[in-house]
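What follows is each chain in one-letter form.
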Amino acid sequence: MGKITIAVDGYSSTGKSTIAKRLAAALGYIYVDTGAMYRAVTLFALNNGFIGTQDDILGLVKQLPKIKLKFVPNKETGRSEMYLNGKNVEEEIRTMKVSRQVSKVAAIGEVRTKLVEMQQQMGKDKGIVMDGRDIGTVVFPDAELKLFMTASPEIRATRRYKELLDKGEKVTFEEVLKNVQERDRIDSTRSISPLKKAKDAIEFDNSDMGLEEQFERIHEFAKRVIGKGR
Ligand code: DC
């Protein structure tokens, strides 16, 4: 059966990665979390003093060739984890410290060019489910299946808040909600590749629907699209 490219875009904490990961596992496809790549570059920028209290975007851009990103499967869980210059940073890139700065780094043209090229290379043989913000619009505009996930900011912040509490982060719900809203604003208004629904993407709102139920629908839909291309 011919393999296709599946683009999953949408706002932060809409369950994109949960759906995309399960879809990839069910179809035997590769899963790529492009948010992890923007987060890893942000961690590099924080660790090297390029962002934070004072921003040195030019300095960061100059250092881009030195940033090596790799997804490596965890031997125990089988899940792929992000490595930044040889170090496993999977946990660190999900902290609020990184979330607070990531939209700023993701708005830098040179950063996007580098990461988009890597993403296109990863998906060149199809058989991939990639989640992000610009996958259906910029990275794979010809993807056979494009999904656009939404949910209300309050529902998304509640999910994110629970995840962070489970990881032992000390955050307030208000702070998480503010971060979700602020990232929505920056991600959808930036001049380069803003977050927007591709014309041919199918929108799924999961404010009132469990991710399990939604996954079943999307999986059935994906199988139909793959079947059509046979
Ligand atoms: O999916 P996430 O929340 O982990 O993504 C982190 C940030 O990275 C998000 O605020 C916007 C940015 N991003 C992007 O600009 N383009 C992508 N393809 C993926 C993420």
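Let me begin by describing the structure that accompanies this report. (Residues numbered from 1 in each chain as written. Predicted model: local features only at pLDDT ≥ 70, side-chain atom pairs only at ≥ 80, totals over all residues. Heavy atoms only, no water.)

Observations regarding the nonpolar core
- If you look at the biggest cluster of nonpolar residues, it comprises 35 residues, and the most contacted ones within it are Val-41, Leu-60, Ile-67, Leu-69, Met-82 and Val-111.
- Elements with a contribution of two residues or more to this core: helix 2 (34–47), strand 4 (80–84), helix 4 (96–106), helix 5 (109–122), strand 6 (128–132) and helix 6 (135–139).
- A per-element tally of this core places helix 2 first, with 9 residues.
- Every residue in contact with Leu-69, bar those within four places of it in the chain, is listed here: Met-37, Ala-40, Val-41, Met-82, Tyr-83, Leu-84, Leu-115 and Met-118.
- Listed in part, the 20 residues of the second largest apolar core include Ile-19, Met-149, Phe-204 and Val-225. (Core = buried A, V, L, I, M, F, W, Y, C linked by side-chain atoms within 4.5 Å. Buried < 20%, exposed > 50% of the residue type's maximum accessible area, 1.4 Å probe, protein only. Helix = DSSP H or I, 4+ residues; strand = E, 2+ residues; numbered from the N terminus. Contact = heavy atoms within 4.5 Å.)

Considering the environment of Ala-20
- Mapped onto the elements of the fold, Ala-20 is located in helix 1 (residues 16–27).
- Residue classification places Ala-20 among the buried positions, given a relative accessible area of 0%.
- Taking the C-alpha atoms as reference points, Ala-20 and Asp-33, separated by 13 residues in sequence, lie 8.6 Å from one another.
- The contacts of Ala-20, once residues within four sequence positions are left out, are Val-8, Tyr-31, Val-129 and Asp-131.

Re the site of the ligand
- In the region of the ligand, 17 residues are neighbours, and Arg-39, Arg-112, Asp-134, Asp-187 and Arg-190 sit closest.
- Taking Thr-34, its side chain carries an N or O atom lying 3.0 Å from a nitrogen atom of the ligand.
- Isolated, the ligand exposes 450 Å² of accessible area, and the fraction of that covered by the protein chains is 95%.
- Its atoms largely coinciding with the cavity grid, the ligand occupies the largest pocket.
- The biggest single contributor to the shell around the ligand is helix 2, with 4 residues.
- Of the residues assigned to the shell around the ligand, the class counts are 4 nonpolar, 5 polar and 8 charged. (Near = heavy atom within 4 Å. Polar contact = N/O pair within 3.5 Å; in protein donor to acceptor, adjacent residues only side chain to side chain. Areas by Shrake-Rupley, 256 points an atom, 1.4 Å probe, with all protein chains shown as cover. 1 Å grid on protein atoms, 1.4 Å probe; cavity = no way out; pocket = protein on both sides within 12 Å on 5 of 7 lines; lining within 4 Å. Sits in = over half its atoms within 2 Å of the grid points. Nonpolar A, V, L, I, M, F, W, Y, C, P; charged D, E, K, R; others polar.)

Comments concerning the pairing of strand 6
- Among the 5 residues of strand 6, 5 are classified as buried, and the element is accordingly described as predominantly covered.
- Neither face of strand 6 is open: one carries Ile-128, Met-130 and Gly-132, the other Val-129 and Asp-131, and all of them are buried.
- Note: strand 1 (residues 5–10) against strand 6, 5 bridges, orientation parallel. The partner of Ile-6 across the bridge, within strand 6, is Val-129. (Pairing = 2+ DSSP bridges.)

Topic: the packing of aromatic side chains
- With the rule as written, the count across this model stands at 3 aromatic pairs.
- For the ring pair Tyr-11 and Phe-148, a centre distance of 6.1 Å and an interplane angle of 80° mean the geometry is edge-to-face. You can see Tyr-11 sitting in the loop between strand 1 and helix 1 and its partner Phe-148 sitting in strand 7 (residues 145–150), a full 137 residues away along the chain.
- For Tyr-11, a relative accessible area of 25% gives the class partly exposed.
- By relative accessible area, Phe-148 is classed as buried at 5%.
- A centroid spacing of 6.4 Å and a plane angle of 25° characterise the contact between Phe-44 and Phe-50, whose relative ring orientation is stacked.
- Since its relative accessible area comes to 11%, Phe-50 is described here as buried.
- Just above the ring of Phe-215 sits the side chain of Arg-22; from NZ or CZ to the centre is 4.0 Å. (Phe/Tyr/Trp six-rings, centres within 6.5 Å; stacked < 30°, edge-to-face > 60°. Lys NZ or Arg CZ within 6 Å of the ring centre and 35° of its normal.)

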